[in-house]
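# Architecture and fold: a report
What follows is each chain in one-letter form.
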Amino acid sequence: MRRESSSDFFALHVPGDPFVLPNAWDVASALTLAAAGFPAIGTTSLGVAASAGVPDEHALTRQRNLDLLSTLSTFADAPMLTCDMENGYSQDPAAVVDAVDELLDSASAVRGINIEDSSHGSVTDAGTHAAKINAVKDRHPDLFVNARTDVFWTGLDDLAEALDRVDRYAEAGADGIFVPGDLDHETIARITEHTSLPVNVLATPRMTRAELADVGVARISTGSLLYRTALTAAVDTARGFADPSSTPRSTYSYSEIRDTVTENTRIGRR
């Protein structure tokens, strides 16, 4: 089978014709999604962390992502892969580059990474994040670096701050911009109109792919939604056997999964 190149992954990002990037948490979920026809698969740091019993956003997914993506890369029909590297696992650009080096040396199917500008629920210094992006692109110019700004995700709700960070990350060499959060059409349109880089948003039941296409989105990520949905379905199925009259509940939230894991670890009890 032909091995897709990095340019194939770049080509998926078409503003106004967004592709859906499903995020997997283990080998089975990744291969099942690939078999369903999705050309590229991402990882979800929450799913990878929670499925291993460790909290997200504590740089504990590095080895687990490495193991997962390395294993997937051994399959002849491996899809193109992109790794959710949290904040790069460090505030030191050189250490972030080392982590990327290790990933690419071990996982040949990786075509991109995602790095976020927040840690433990707060945005971090934009200049430091830009330096990380620049350092990674300087070492790996063919790697798609999706620069995530968590201005809305952390609750700041400051469009001007988000756009300033978008500009700084673009200048640093980012290939795409990821702006997660509960955004409305107008806000997304303001972002896509502001930057020439392909814009990535989270999938939401409030907007269809067509609606996101209309406002210029290039990539739609599922984030931790599929993992949370899988857990919800598992619980509903078990309840159905125990009590046929039980009512299905809504999908577990990000914070419910994160807190369940964090509260049962030493990190969460510090």
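Residues numbered from 1 in each chain as written. Predicted model: local features only at pLDDT ≥ 70, side-chain atom pairs only at ≥ 80, totals over all residues. Heavy atoms only, no water.

As annotated in an unreviewed UniProt entry, the chain carries the name 2-methylisocitrate lyase-like PEP mutase family enzyme and is attributed to Brevibacterium celere.

### Re unusual backbone geometry
Unusually for a residue other than glycine, Tyr 89 sits at a positive phi of about 70 degrees. With respect to the secondary-structure elements, Tyr 89 resides in the loop between strand E4 (80–84) and helix H5 (93–106). If you check the backbone angles, His 120 has positive phi at about 55 degrees while not being a glycine. Relative to the elements of secondary structure, His 120 occurs in the loop between strand E6 (118–119) and strand E7 (122–123). Overall, the relative accessible area of 52% leaves His 120 in the exposed class. (Helix = DSSP H or I, 4+ residues; strand = E, 2+ residues; numbered from the N terminus. Buried < 20%, exposed > 50% of the residue type's maximum accessible area, 1.4 Å probe, protein only.)

### Brief notes about the pairing of E4
Of all the five residues making up E4, five are buried; the element is thus mostly covered by neighbouring parts of the structure. Burial along E4 is two-sided: the face carrying Met 80, Thr 82 and Asp 84 and the face carrying Leu 81 and Cys 83 are both buried. With three bridges joining them, strand E3 (residues 40–43) and E4 adopt parallel strand pairing. Residue pairing across strands places Gly 42 opposite Thr 82, the latter belonging to E4. Of the pairings in the sheet, the one linking E4 to strand E5 (residues 110–116) comprises four bridges and is parallel in character. Bridge pairing in E5 places Thr 82 opposite Gly 112. (Pairing = 2+ DSSP bridges.)

### Structural notes on the environment of Asp 175
By secondary structure assignment, the location of Asp 175 is in the loop between helix H7 (159–171) and strand E9 (176–178). When the C-alpha atoms of Asp 175 and Arg 111 are compared, they prove to be 12 Å apart, with 64 residues separating the residues in sequence. Ignoring any residue separated from it by four or fewer positions in sequence, one finds Asp 175 in contact with Phe 10, Lys 137, Leu 143, Phe 144, Val 145, Leu 197 and Pro 198. Within polar-contact distance, the side chain of Asp 175 engages the side chain of Lys 137 at 2.8 Å. From its side chain, Asp 175 meets the backbone nitrogen of Val 145 in a polar contact 2.9 Å long. (Contact = heavy atoms within 4.5 Å. Polar contact = N/O pair within 3.5 Å; in protein donor to acceptor, adjacent residues only side chain to side chain.)

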